[in-house]
Amino acid sequence: MSEVHDLLGALRERAKELNCLYEVEKALTGPGRPLAETLAAVAQAIPPGWQHPEVCEAFVRIEDEESATPGWRETPWTLRAPITLQEEAVGELRVCYLETRPAEDEGPFLKEESRLIRTIADRIGHYVNHHRMRRHIEAVEAAKRDLGDDEADGDWRVVHDLLRR
């Protein structure tokens, strides 16, 4: 009977993690909202996916933009994952417990939670890459529209803008 109880508990945890991933994906694929709003939605989606959501908080930073759940603070029980873009760190994702919890695989965190935070950080990195590419394409499109009648001068502006970026 204990094995069945343990199995059900593990399945409940995996369901919470999966739901967390769905909510993060929903936040990252929402309509073109500002980065700050997207990061806030991602941070809010994270704590329910952890084993102890009642004492779990999240923090996400991409370059100069950051967001955190209301109770966020640095604690000794913090799990971190870098957010990378083309192998360069552009931010960080952190999840912490506000109170001590029983020891698990990595401090108070399950090995599945370590994998989950890395997966979310990776997904955020893909979002940042897509967001940047979309901005560059919009800039090129705007430069093309600005060409107007003076196409030669406009060509140089496009090249100049691309080189500058």
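Here's what I pulled together on the structure shown here. In this text the structure is predicted, and so the values were computed from the model without any measurement.

### Focus: the pattern of salt bridges
This model, assessed by the stated rule, comprises 13 salt bridges. In this structure, Glu63 and Arg132 form a salt bridge, with 2.1 Å as the shortest nitrogen-oxygen distance. Remark: Arg132 occurs in helix α3 (residues 111-147) and Glu63 occurs in the loop between β1 (56-62) and β2 (65-68); sequence separation between them is 69 residues. Classification of Glu63 as partly exposed rests on a relative accessible area of 43%.

### Points about the pairing of strand β4 (residues 88-97)
In terms of burial, β4 is largely enclosed, as eight of its ten residues are buried. The pairing of β1 with β4 spans seven bridges and is antiparallel. Among the inter-strand pairings, Ala58 is bridged to a residue of β4, identified as Val95. By the bridge criterion, eight bridges tie strand β3 (residues 78-85) to β4 in an arrangement that is antiparallel. Counterpart to Thr84 in the pairing with β4 is Ala89. Between the antiparallel neighbours β3 and β4 lie two residues, among them Gln86 with a positive phi of about 55 degrees.

### Brief notes about the sheet that holds β3
Two modes of strand pairing occur in sheets, parallel and antiparallel, and in both the strands are linked by backbone hydrogen bonds. Reading across the sheet, the four strands line up as β2-β1-β4-β3 and stay open at both edges, with antiparallel pairing between neighbours. Two strands close off the open sheet at either side, each with one partner strand: β2 and β3. Geometrically, the sheet is characterised by an average inter-axis angle of 15 degrees between neighbouring strands, direction not taken into account. Sheet strands touched by helix α2 (residues 35-45): β1 and β2. Its angle to β2, the strand with the most contacts, is close to 30 degrees.

What counts and how
Residues numbered from 1 in each chain as written. Predicted model: local features only at pLDDT ≥ 70, side-chain atom pairs only at ≥ 80, totals over all residues. Heavy atoms only, no water. Salt bridge = Lys/Arg side-chain N within 4 Å of Asp/Glu carboxyl O. Helix = DSSP H or I, 4+ residues; strand = E, 2+ residues; numbered from the N terminus. Buried < 20%, exposed > 50% of the residue type's maximum accessible area, 1.4 Å probe, protein only. Pairing = 2+ DSSP bridges. Axes fitted to C-alpha atoms, helices over the stretch in contact; angles between N-to-C directions. Contact = heavy atoms within 4.5 Å.

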